[in-house]
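Structural characterization, general
Residues per chain are reported as follows:
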Amino acid sequence: MDVPIRDERRATGLRWPFVPWALPFWYLGLAVGWWRASIQDLRLGVHAGATVSSLALVLALAGKLTGWLIESTFYHSFWKARGRRLPFWRFFCVVASASIADLFAHAIAASVHRSPSHGPWLAWVAGAQLARGPAWLSTPALRAMLGTMGVLTVVRLSITAWAQRAALGLAFARALAWTALFWLMSRVALFFAVDLTSGMSPLPKG
Amino acid sequence: MDRGKLVGLMISTLTTTLFLMLGGCWIADRTHHWETPRLDPGRFSVVSDTGATGAAQAWVMMPVNLRCPHCLASLRALQRSRRAGSEPRLVVLIVDQEREPSPRSVAMLRAETVWWDRAGVWRGRWGHRLYGELLRFDASGKYVETLPPAFGWSAALEGKPLPQGGETP
């Protein structure tokens, strides 16, 4: 049986990051951020200057929301199976909020696309895909898998691990190890999916 | 065991199982021996061939699905960048189509040479999966390479010499 929401504060050290009335505005801000990032992504996917359909944008945003829900559900279930309770909606709020790190990575990647002269050091921050020509990243499936790996990814994983540490009283290193393992599994799954989708057909590089 | 713990265990197990199944599918796909593509009219049904029948210097084949507007748009873009009858000669391959394509849908393609992949060779034997890609063949029908969809085809086809064959993943 689930612990009622009113008892969560006593059951866990994970608090809401904001006062409750600010949460809708916070989620709205995140949605606007991802909406704008999706416009950039979809324009790159079609061709520069093309208009992006609202349906594609809504689907992209729905995909993001679904991803956060799946991630939160997975961690919630994983710890529940071990007899620990990770408060779902608070953790969901942390997962959604931590995606700001990805938004920063997006913004940096966009600036590098506009001005390729920006230093290669940005690849360490926003993702290895920004580095020029690492041969091991030449396959699109590998780029999809590891291309976004950078300091901002580590920040996002650390925030996720911190939330688990706060909620469950784990050692931070242990929470980070689990989080890193699950992140790696999700990237490997993405690699499998991209590679299976294309089969022997080559994907566009870039 | 309480219900919440059981549900958590089931979701964790399901996730792990899905991951392992996906990995298994990937291993099976990567270790499968796919045939190297070959321009062989004997393996396909020729549904339209109104072009010049003289020997071509090279060929390109574009697989299209008649229900896919995106790859039909790719075909239009390729056709706009070429003159009729120009080299390399274009073969439009209708794929993932169980019933014989109607004359109307074939006419809609506005292509000189249209083949129908009745037996699913492109997907099932060659292991290719992306509509709108371009497979290049030399004059003898030997496979050269595949260009990804939405590639800068016109430049590639005009400026690029034909390299030696070999399947690329």
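Summary of the structure given here.

Rules used in this analysis
- For every chain, the first residue of its written sequence is number 1, and the numbers climb from 1 along that sequence.
- Chain A is the first chain written and ligand 1 is the first ligand written, with later ones labelled in order.
- Reporting of local features is limited, given that this is a predicted model, to residues whose pLDDT is at least 70; pairs of side-chain atoms are given and counted only at 80 or more, and all residues count toward the totals for whole chains, interfaces and linings.
- A run of DSSP states H or I qualifies as a helix once it reaches four residues; a run of E qualifies as a strand once it reaches two. Both are numbered from the N-terminal end.
- It is the C-beta atoms, placed from the backbone, that decide contacts: two residues are in contact if theirs lie within 7 Å.
- Strand pairing follows a simple DSSP-based rule, namely that at least 2 bridges must link the two strands.
- Fitted lines through C-alpha atoms give the axes, limited to the stretch in contact for helices. The angle between two N-to-C directions lies from 0 to 180 degrees.
- With C-beta atoms placed from the backbone, a residue is buried if 20 or more other C-beta atoms are within 10 Å of its own, exposed if 12 or fewer are, and partly exposed between those counts.
- Each angle gets one of four labels, with under 35 degrees taken as roughly parallel, over 145 as roughly antiparallel, 65 to 115 as roughly perpendicular, and the rest as oblique.
- Crossing handedness: left-handed means the near helix sits turned counterclockwise from the far one by under a right angle, and right-handed means the same turn made clockwise.
- Amino acids outside the nonpolar list (Ala, Val, Leu, Ile, Met, Phe, Trp, Tyr, Cys, Pro) and the charged list (Asp, Glu, Lys, Arg) are all regarded as polar, and Gly is one of them.

Quick look at the overall build of chain B
Within chain B one finds 5 helices and 6 strands. Walking chain B from its N terminus toward its C terminus, one meets helices and strands in the order α-β-β-α-β-α-β-α-β-β-α. In chain B, the share of contacts with a sequence separation of at least 24, taken over all contacts with a separation of at least 6, comes to 67%.

Things to note about the sheet that holds strand β2 (residues 58–64) of chain B
Residue and element names in this part refer to chain B. Spatially, β1-β4-β3-β2-β5-β6 is the arrangement adopted by the 6 strands of the open sheet, whose pairing is mixed. Two strands close off the open sheet at either side, each with one partner strand: β1 (45–49) and β6 (143–147). In this sheet, neighbouring strand axes are inclined to one another by 25° on average, regardless of whether the strands run parallel or antiparallel. Alignment of β1 against strand β4 (residues 113–116), held across 4 bridges, turns out to be antiparallel. Paired with Ser48 across the two strands is Val114, which belongs to β4. Contacting β2 and β3 (89–94), helix α2 (residues 69–80) crosses the sheet at an angle of about 155° to β2.

So, the environment of Tyr131 of chain B
Residues and elements named next belong to chain B. Topologically, Tyr131 is positioned in the loop between α4 (121–124) and β5 (134–138). What makes Tyr131 buried here is the crowd of 22 C-beta atoms within 10 Å. The sequence separation of Tyr131 and Cys71 amounts to 60 residues, and the corresponding C-alpha distance is 5.9 Å. When residues no more than four places from it in sequence are discounted, the contact partners of Tyr131 are Pro63, Val64, Asn65, Cys68 and Cys71.

Digging into unusual backbone geometry
Residue and element names in this part refer to chain B. Phi angles above zero are rare outside glycine, and Asp96 is one such case at about 50°. Assignment of secondary structure puts Asp96 in the loop between β3 and α3 (103–108). Phi is positive for Arg110, which is not a glycine, with a value near 55°. Along the chain, the position of Arg110 falls in the loop between α3 and β4. Accessibility expressed as a C-beta count within 10 Å gives 12 for Arg110, which makes it exposed.

Section: the pairing of β4 of chain B
Residues and elements named next belong to chain B. The side-chain alternation of β4 yields two buried faces, one formed by Thr113 and Trp115 and the other by Val114 and Trp116. Both β3 and β4 contribute to a ladder of 4 bridges, which runs parallel. From the neighbouring strand, Ile94 faces β4, where its bridge partner is Trp116.

Points about the environment of Ala56 of chain B
Residues and elements named next belong to chain B. Its place among the elements puts Ala56 in the loop between β1 and β2. Classification of Ala56 by C-beta neighbours within 10 Å gives buried; the count is 21. As a C-alpha pair, Ala56 and Val114 span 58 residues in sequence and 16 Å in three-dimensional space. In this view, Ala56 contacts Glu87, Pro88, Arg89 and Ala139; residues no more than four positions away in its chain are not counted.

Some details on the pairing of β2 of chain B
Put simply, side chains in a regular strand alternate between the two faces of the sheet. Residues and elements named next belong to chain B. With 6 of 7 residues buried, β2 is to be regarded as a mostly interior element. Examined bridge by bridge, β2 and β3 share 6 bridges and lie parallel to one another. Of the residues in β3, the one forming a bridge with Val60 is Leu90.

Considering the packing of helix α3 (residues 54–81) of chain A against helix α4 (residues 88–98) of chain A
Residue and element names in this part refer to chain A. Between α3 and α4, the shortest axis-to-axis distance is 9 Å and the interhelical angle comes to 130°. Considering the angle they form, α3 stands oblique to α4. Taken as a pair, α3 and α4 cross one another with a handedness that is right-handed. Contacts between α3 and α4 involve Trp68, Leu69, Glu71, Ser72, Tyr75 and His76 from the former and Phe88, Phe91, Phe92, Val95 and Ala96 from the latter. Of the residues assigned to the contact of α3 with α4, the class counts are 8 nonpolar, 2 polar and 1 charged.

Just distances and angles here, no functional claims.
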